[in-house]
Amino acid sequence: MDLNADLGEGFGSWPMGDDNALLDVVTSANVACGFHAGDPSIMRRVTARAVSRGVAIGAHVGYADKAGFGRRFVDIEPSALRDEVVYQIAALDGFARIAGDRVRYVKPHGALYNTIGHHLEQAAAVVGAVADYDRSLPVLGLPGSAWLRLAADAGLPVVHEAFADRAYTPSGTLVSRREAGSVLHDADEIAARCTAMATGQPIHDIEGGTLKVEPASICVHGDTPGAVDIARRVRSAMEGAGVTLSPFTQ
């Protein structure tokens, strides 16, 4: 099982999360590419640290919306979105190569991630951007999303993801952050959920029903309060259950 986290999401003097501590725990790093968060110096630091720790580097592409942290829908023309995603992947890939590796996969962020779950034009734009840049790059997302369906149709490697600290609807989508209970904070509960997902057991959805997800990667959000402790507890619990942690891409 792969354990990923969103990293490099500060900007200038404003930090977001403890990137160095999380890079000692996770196996893949979704690194902000300067649009929803991050800047060139942060991208350089995080990619260098990731390479030194043997952590796979992923391009965490998003809307150009730093003020909203990329969590607001942007009604952007598909052709412009395609170009912006190529730009972000290439920028991060440059720093990854300086550090001695390369971008290994692509994961959209925030509102873009949610939007391309159903918005066909924007989903096609992001798929087109990845295909333009490197058709061998795996793409990470929710099972059943338009984004992954179109990516598979285009011949891109598709990887299913689940979320350690987010509540699910009965249909397997994420509960909106605007709703109560959408983000989980109890480290023991989160660790137990992750272990269940990693071992093929069902979890509870927001309404108390059972839901089975079969991810190749589990995400712990780097900006969640207590993220480092949660990530450590998740890793310890999964390894205690006999789950081997390693990047999903080589």
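Reading the values: rules and limits
- Residues numbered from 1 in each chain as written.
- Predicted model: local features only at pLDDT ≥ 70, side-chain atom pairs only at ≥ 80, totals over all residues.
- Heavy atoms only, no water.
- Helix = DSSP H or I, 4+ residues; strand = E, 2+ residues; numbered from the N terminus.
- Buried < 20%, exposed > 50% of the residue type's maximum accessible area, 1.4 Å probe, protein only.
- Expected span 1.5 Å × (residues − 1).
- Arc of directions from axis to C-beta.
- Contact = heavy atoms within 4.5 Å.
- Disulfide = S-S within 2.5 Å.
- Core = buried A, V, L, I, M, F, W, Y, C linked by side-chain atoms within 4.5 Å.
- Polar contact = N/O pair within 3.5 Å; in protein donor to acceptor, adjacent residues only side chain to side chain.

Asker: Can you tell me about the environment of Met16, naming the residues and giving the values?
Answerer: Looking at where Met16 falls in the secondary structure, it is placed in the loop between strand 1 (2-7) and helix 1 (19-23). Its relative accessible area of 30% is what places Met16 among the partly exposed residues. For the pair formed by Met16 and Gly38, sequence separation is 22 residues and the distance between their alpha carbons is 9.4 Å.

Asker: Explain helix 8 (residues 227-240) to me, using residue names and the numbers behind them.
Answerer: If you check helix 8, its first and last C-alpha atoms are 20 Å apart, about what 14 residues at 1.5 Å a residue would give, namely 20 Å. Residues Ala227, Val228, Ile230, Ala231, Val234 and Met238 constitute the buried set of helix 8. Mapping the buried residues of helix 8 onto a view down its axis gives an arc of 165°, with all of them on the same face. Here the buried face of helix 8 lies against strand 1, helix 1, helix 7 (187-198) and strand 9 (217-220). Backbone geometry just downstream of helix 8 places Gly242 in the positive-phi region, at approximately 90°.

Asker: Tell me about the state of the cysteines, and name the residues and values.
Answerer: Scanning the model with the defined rule gives zero disulfides in all. The thiol of Cys219 is not disulfide-bonded; the next cysteine sulfur, from Cys194, is found 9.6 Å away. Residue classification places Cys219 among the buried residues on the basis of a relative accessible area of 0%.

Asker: Hey, could you go over the nonpolar core for me, with residue numbers and the actual values?
Answerer: Among the nonpolar cores identified, the biggest contains 74 residues, and Trp147 and Met238 are the most heavily contacted of them. Ranked by residue count, the leading element in this core is helix 5 (residues 120-133), at seven residues.

Asker: Quick one: what's the story with the side chain of Glu9, residue by residue and with numbers?
Answerer: Of note, Glu9 is situated in the loop between strand 1 and helix 1. Looking at Glu9, its side chain comes within polar contact range of the side chain of His36, at 2.8 Å. When sequence neighbours within four positions are dropped, the list of residues in contact with Glu9 reads Met16, Ala32, His36, Ala37, Gly38, His60, Phe69, His109 and Asp223.

Asker: An account of helix 7 is requested, with residue identities and associated values reported.
Answerer: Between its terminal C-alpha atoms helix 7 stretches 16 Å, which fits the 16 Å expected from twelve residues at 1.5 Å a residue. What helix 7 keeps buried is the set Ala187, Ile190, Ala191, Arg193, Cys194, Thr195, Ala196 and Met197. Residues of helix 7 that are buried in the fold lie against strand 6 (158-163), strand 7 (203-204), strand 9 and helix 8. Capping the start of helix 7 is the job of one residue whose side-chain oxygen sits 3.0 Å from the backbone nitrogen of Asp188: Asp186. A positive backbone phi angle near 80° is found at Gly200, which sits one or two residues after helix 7.

Asker: Kindly report on the environment of Gly58, identifying the contributing residues and their values.
Answerer: Along the chain, Gly58 falls in strand 3 (residues 56-61). Along the chain, Gly58 and Ala198 lie 140 residues apart, while their C-alpha atoms are 21 Å from each other. Every residue in contact with Gly58, bar those within four places of it in the chain, is listed here: Ala29, Asn30, Val31, Leu92 and Tyr105.

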